[in-house]
Amino acid sequence: MRARGLWACHLGPELGGQGYGQLRPALLNEVLGGSSWAPTIFGCRAPDSGNAEIPAHFSTPEQQDRYLQPLLDGEVCSTYAMTEPHAGADPLLFTTTARRDGDEWVIDGEKWFATNARFAAFLIVMCVTDPDAQDPHRRMSMLLVPAGTPGVEVVRSVGVGTDRPGEGTHGYLRFTGARVPADALLGEEGQAFVVAQTRLGGGRIHHAMRTIGQVRAAFDMMRERAVSRSTRAGALGSLQMVQEQIADSWIEIEQFRLLVCCAPPGSSTRSRTTSRCARRSRRSRH
Ligand SMILES: Cc1cc2nc3c(=O)[nH]c(=O)nc-3n(C[C@H](O)[C@H](O)[C@H](O)COP(=O)(O)OP(=O)(O)OC[C@H]3O[C@@H](n4cnc5c(N)ncnc54)[C@H](O)[C@@H]3O)c2cc1C
């Protein structure tokens with residue numbers, strides 16, 4: 001993929017990517033979504049794709065050599081630990097804390113659904129560092145935590161979909177007095193929301209486009225079934241109701257795809273082409 005110029009297309013050339021902006025990787029991810037292995041082979045699997053952007057922007061040169069480069073080379077994987085057992089959609093409810101103790105941060109709390117936690121080389125952890133800050137969006141900071149740090153425990157790994165019990169990859173994590181050095185802070189203190197947007201802005205588009213790829217694969221199976229399955233009345237696909245269901249599915253997929261392409265641009269998702277797409281869609285509504 002590297003030789004063909006298709007490795008890590010979401011990244012800029014300075015990080016070994018192609019500098020394609022948002023739209024082209026989005027269209028690429030639509031194709032890749034049909035295969036569970038493709039994002040790994042193309043160097044854009046979640047959560048590593050987004051996780052690379054945080055140390056690239058906010059870590060020290062030493063941290064970049066130690067963590068970012070092996071991640072970009074596809075040698076290690078990483079974890080983004082934001083969600084907590086009691087709070088996901090609303091980060092203002094997070095309670096995991098990091099307090100300064102001399103030259104170190106001490107982390108206490110729990111994280112949930114931390115993908116790849118059991119084999120990641122490092123974790124990016126969102127922690128409350130100033131619970132009393134007047135602006136609630138400045139209460140949290142982002143910290144880089146090396147795997148194996150004493151006090152970091154993978155309580156269990158949770159599965160989704162077809163994962164077998166015990167074989168899931170989404171970690172339930174417990175931090176008990178876990179200590180990391182002062183320079184583990186990624187970005188400024190109190191800036192976790194800004195740092196998070198660096199990775200979530202583009203990621204939400206790529207995730208959604210891969211979902212479309214997955215749904216299209218299911219749609220193709222449905223169409224194949226419709227022409228290969230015979231009933232007493234003929235092929236399944238000759239029945240009007242089946243045709244209607246297939247047409248409805250196609251319309252829903254196209255609607256979803258257009259909504260993703262016209263998603264309100266975040267700080268890093270605006271591209272001239274997506275804006276063009278939004279303008280075209282507005283014109284057609286009028
Ligand atoms: C496969 C998978 C991988 C994941 N990987 C990671 C990861 O690597 N790192 C990580 O940190 N997290 C990860 N997550 C967690 C993910 O970020 C959360 O699931 C997500 O933020 C939603 O949180 P929740 O599941 O707690 O939903 P909830 O917060 O319980 O929300 C449930 C529903 O209620 C709605 N809702 C909630 N609150 C409100 C409100 N105030 N107003 C209106 N609607 C509301 C939500 O939109 C949602 O539809 C992963 C999740 C999945 C499924």
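This next bit is on the domain arrangement of the protein chain. As far as domains go, the protein chain holds domain 1 (1-45 + 193-286) and domain 2 (78-190). Each of domain 1 and domain 2 has a C-alpha centre, and the two are 30 Å apart. Counting residues at the interface gives five residues for domain 1, matched by 11 residues for domain 2. Where domain 1 abuts domain 2, roughly 650 Å² becomes buried across the two surfaces, and 80% of that area is made up of carbon and sulfur atoms. For domain 1, the biggest contributors to the area lost against domain 2 are F193, V195 and R199; these three give 80% of the whole. Our count for the domain 1 to domain 2 interface comes out at zero salt bridges. At the boundary of domain 1 with domain 2, the tally comes to zero residue pairs in polar contact (both at pLDDT 80 or more).

Attention now goes to the nonpolar core. Ranked by size, the top nonpolar core spans 26 residues in total, and within it Y80, I124, M126, M140 and M142 carry the most contacts. Broken down by secondary-structure element, the contributors of at least two residues to this core are α3 (48-58), α4 (61-72), β4 (122-128), β5 (140-146) and α5 (192-228). Both domain 1 (1-45 + 193-286) and domain 2 (78-190) contribute no fewer than three residues apiece to this core. Counting residues in hydrophobic clusters, the runner-up holds 17 residues, among them A81, I107, A114 and A117.

So, on to the pattern of salt bridges. Summed over all chains, the structure comprises 10 salt bridges. For the salt bridge of E110 with R174, the shortest nitrogen-to-oxygen distance reads 2.8 Å. Of this pair, E110 sits in strand β3 (residues 104-115) while R174 sits in strand β7 (residues 170-181), and the two are 64 residues apart along the sequence.

The next subject is the side chain of T198. Relative to the helices and strands, T198 resides in helix α5. Among the polar contacts made by the side chain of T198, one reaches the main-chain carbonyl oxygen of V194 at a distance of 3.3 Å. For T198, the side chain forms a polar contact with the main-chain oxygen of V195, separated by 3.0 Å.

Taken together, the residues surrounding the ligand are Y80, A81, M82, T83, G88, A89, F113, T115 and H170. With respect to the ligand, the backbone of A89 contributes an N or O atom lying 3.0 Å from an oxygen atom. At a separation of 2.8 Å, a nitrogen atom of the ligand approaches a polar side-chain atom of T115. Notes on the ligand: free accessible area 960 Å², of which the protein chains cover 39%. Put simply, the parts of the chain that give the shell around the ligand at least two residues each are β1 (78-81) and β3. Residue composition of the shell around the ligand, by class: five nonpolar, four polar and no charged.

The sheet contact formed by strand β2 (residues 97-101) and β3 spans five bridges and is antiparallel. Counted as the bridge partner of D101 is E104 from β3. Linking β2 to β3, which pair antiparallel, is a turn of two residues; within it G102 sits at a positive phi near 65°.

Quick look at the packing of helix α1 (residues 23-32) against α5 now. At a minimum axis separation of 6 Å, α1 and α5 run at an interaxial angle of 30°. The angle between the axes of α1 and α5 places the two elements in the roughly parallel class. The chirality of how α1 crosses α5 is right-handed. Judged by residue contacts, P25, A26, L27, N29 and E30 of α1 engage I205, H206, M209, R210, I212, G213 and R216 from α5.

Scoring rules and cut-offs
- Residues numbered from 1 in each chain as written.
- Predicted model: local features only at pLDDT ≥ 70, side-chain atom pairs only at ≥ 80, totals over all residues.
- Heavy atoms only, no water.
- Domains from an automatic or database assignment.
- Contact = heavy atoms within 4.5 Å.
- Buried area = accessible area lost by both parts, 1.4 Å probe.
- Salt bridge = Lys/Arg side-chain N within 4 Å of Asp/Glu carboxyl O.
- Polar contact = N/O pair within 3.5 Å; in protein donor to acceptor, adjacent residues only side chain to side chain.
- Core = buried A, V, L, I, M, F, W, Y, C linked by side-chain atoms within 4.5 Å.
- Buried < 20%, exposed > 50% of the residue type's maximum accessible area, 1.4 Å probe, protein only.
- Helix = DSSP H or I, 4+ residues; strand = E, 2+ residues; numbered from the N terminus.
- Near = heavy atom within 4 Å.
- Areas by Shrake-Rupley, 256 points an atom, 1.4 Å probe, with all protein chains shown as cover.
- Nonpolar A, V, L, I, M, F, W, Y, C, P; charged D, E, K, R; others polar.
- Pairing = 2+ DSSP bridges.
- Axes fitted to C-alpha atoms, helices over the stretch in contact; angles between N-to-C directions.
- Parallel < 35°, antiparallel > 145°, perpendicular 65-115°, else oblique.
- Left-handed = near helix turned anticlockwise from the far one by under 90°.

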